[in-house]
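In case you want the letters, here they are:
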Amino acid sequence: MASASRVAVLGGGVIGLSVAWFAARAGHPVAVVDRPSPHGGSWVAGGMLAPVTEAWPGDEDVLELGVESLRRWPRFAADLGVPLSPVGTLAVATDAADAEVLDQLAAYLVRMGRSAARLTRRELRALEPGLSPSVRSGLSVPGDLSVDNRALLAALRAACAEHGVRFTDRSAVDRDVTVIAAGAWSRDLHPKLREVIRPVKGEILRLATRPGALPPPRHTLRGHVRGRPVYLVPRADGLVLGATQYEAGFDPGVTVGGVRDLLHDAEAVWPAVAEYALAECAAGFRAGSPDNAPVVEWLEPGVLAATGHHRNGLLLAPVTAHRVLTLLREGGRS
């Protein structure tokens, strides 16, 4: 396939924009076909770049891919002019059962040759004095990063425009290759994706600091509270709390129960959230796949898929865009 093949990217989230940017820099004329949704996974995201703390037995391929992509992130962010938070993650537990989950994660990471240091309650509070007294143990994962997802989207869109990418909401564009990168909506864009990609609903909250309230933590905090996971990602003006997970199709409603659980669990980890302002409640749709691994491959001549990233769309953007560019150079079918 010629290096100047015309590329249409279906989807304007982080994956679609990253693919478009890489392709345009490589000399391809690129059009992004996008119908923005307030429920897109890239817009409703916490911004964690954390393959190690997301790891779990059975997802070894996803872990390795995530680690590879994390290595690409500093250069990726620098080229875009987007700052990264390099402080790392603290994974914390509030009772004996949740501490056992962290023990299992720590043991698994050791077997996989990954770094995660066990911390006592005192050591945790030395790092983050605002942690709740109920936090009893934790793990430090210093290699994790985080990024402001909405700043990232804006930077990617600007970088695409700088390299001549055309944006449209109409699907009738000239193309030699179509890249399906529409997240959960990709399932409706090709028969081979219909039974592979599914929407996985997640709710997040954005909290804003108020005068007199304790500032946000320096680290990303990932808590286990009575068996439920919760994450708190610091922003300059507050926190992002997430995320629930439902198999609920494309139901866009934010549930009272979801908001209640997120606030309860976040307060159990970081009590100061009770003094913050509730700035936003949102539901988004992740693109789930049967094995939690992304689908990045030729579906047929002239049609590529770059979807199915589930919880790791932001993390896997650099490695996905690199893989799509490689497939474009090779041409044909993988």
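Residues numbered from 1 in each chain as written. Predicted model: local features only at pLDDT ≥ 70, side-chain atom pairs only at ≥ 80, totals over all residues. Heavy atoms only, no water.

**Describing the sheet that holds strand β6 (residues 137-141)**
The line we're drawing: When DSSP finds two or more bridges between a pair of strands, those strands are recorded as paired. Only DSSP runs of H or I reaching four residues or more are called helices, and only runs of E reaching two or more are called strands; each is numbered from the N terminus. Under this scheme, a helix contributes an axis fitted over its contacting stretch, all axes are lines through C-alpha atoms, and angles between N-to-C directions fall in the 0 to 180 degree range.
If you walk across this open sheet you meet the eight strands as β5-β6-β4-β11-β12-β13-β10-β14, and the pairing is mixed. Edge positions in the sheet fall to β5 (117-120) and β14 (277-288), since each has one partner strand and no second. Each adjacent strand pair in this sheet contributes to an overall mean axis angle of 25 degrees, direction not counted. By the bridge criterion, five bridges tie strand β4 (residues 89-93) to β6 in an arrangement that is antiparallel. Each bridged residue has a counterpart across the sheet, and for V92 the counterpart in β6 is G138.

**Considerations on helix α1 (residues 14-25)**
The condition is simple: Expected helix span is computed as 1.5 Å times (number of residues minus one). A simple rule labels every residue: compare its accessible area, found with a 1.4 Å probe on the protein chains alone, to the largest value its type can have, and call it buried under 20%, exposed over 50%, or partly exposed in between.
If you check α1, its first and last C-alpha atoms are 16 Å apart, about what twelve residues at 1.5 Å a residue would give, namely 16 Å. Most of α1 is tucked away, with eleven of its twelve residues classed as buried. Every buried residue belonging to α1 is among V14, I15, G16, L17, S18, V19, A20, W21, F22, A23 and A24, and all of these are buried. Just downstream of α1 lies G27, where phi reads positive at about 105 degrees.

**Quick look at the UniProt feature "domain: FAD dependent oxidoreductase" (unreviewed entry) in the protein**
In plain terms, the rule: UniProt positions are given in the numbering used here, feature names are shortened, and annotations may be inferred rather than shown by experiment.
Mapped onto the present numbering, the UniProt feature "domain: FAD dependent oxidoreductase" (unreviewed entry) falls at residues 6-323. Regarding residues 6-323, the helix share stands at 29% and the strand share at 27%, and the terminal C-alpha atoms are separated by 17 Å.

**Considerations on the sheet that holds strand β8 (residues 166-168)**
Within a sheet, neighbouring strands are paired by backbone hydrogen bonds and run either parallel or antiparallel to one another. Heads up, the rule is: Throughout, a contact is declared for two residues whenever any of their heavy atoms are within 4.5 Å.
An order of β8-β2-β1-β9-β16-β15 is seen for the six strands of this open sheet, with the pairing classed as mixed. In this open sheet, the two edge strands, each paired with only one partner strand, are β8 and β15 (295-300). Strand-to-strand twist in this sheet, taken as the mean axis angle between neighbours without regard to direction, amounts to 20 degrees. Pairing of strand β1 (residues 7-10) with strand β9 (residues 177-180) involves four bridges; the strand directions are parallel. What sits directly across from L10, in β9, is I180. Most of the contacts of α1 go to strand β2 (residues 30-33), to which it runs at about 170 degrees, and overall it touches β1, β2, β8, β9 and β16 (303-307). Contacting β1, β9, β15 and β16, helix α7 (residues 317-330) runs over the sheet at an angle of about 30 degrees to β15.

**Considering the pattern of salt bridges**
We count it as follows: Counted as salt bridges are all cases of a side-chain nitrogen of Lys or Arg within 4 Å of a carboxyl oxygen of Asp or Glu.
With the rule as written, the count across this model stands at 16 salt bridges. When the shortest N-O distance is used, the salt bridge between E280 and R150 registers 2.8 Å. A residue pair is termed long-range when its members are at least 10 positions apart, and E280 in strand β14 and R150 in helix α5 (residues 149-162) qualify at 130 residues. As a salt-bridge pair, R228 and D265 come within 2.8 Å of each other at their nearest N and O atoms. Taken as a pair, R228 in strand β12 (residues 228-235) and D265 in helix α6 (residues 256-269) lie far apart in primary sequence, 37 residues in all.

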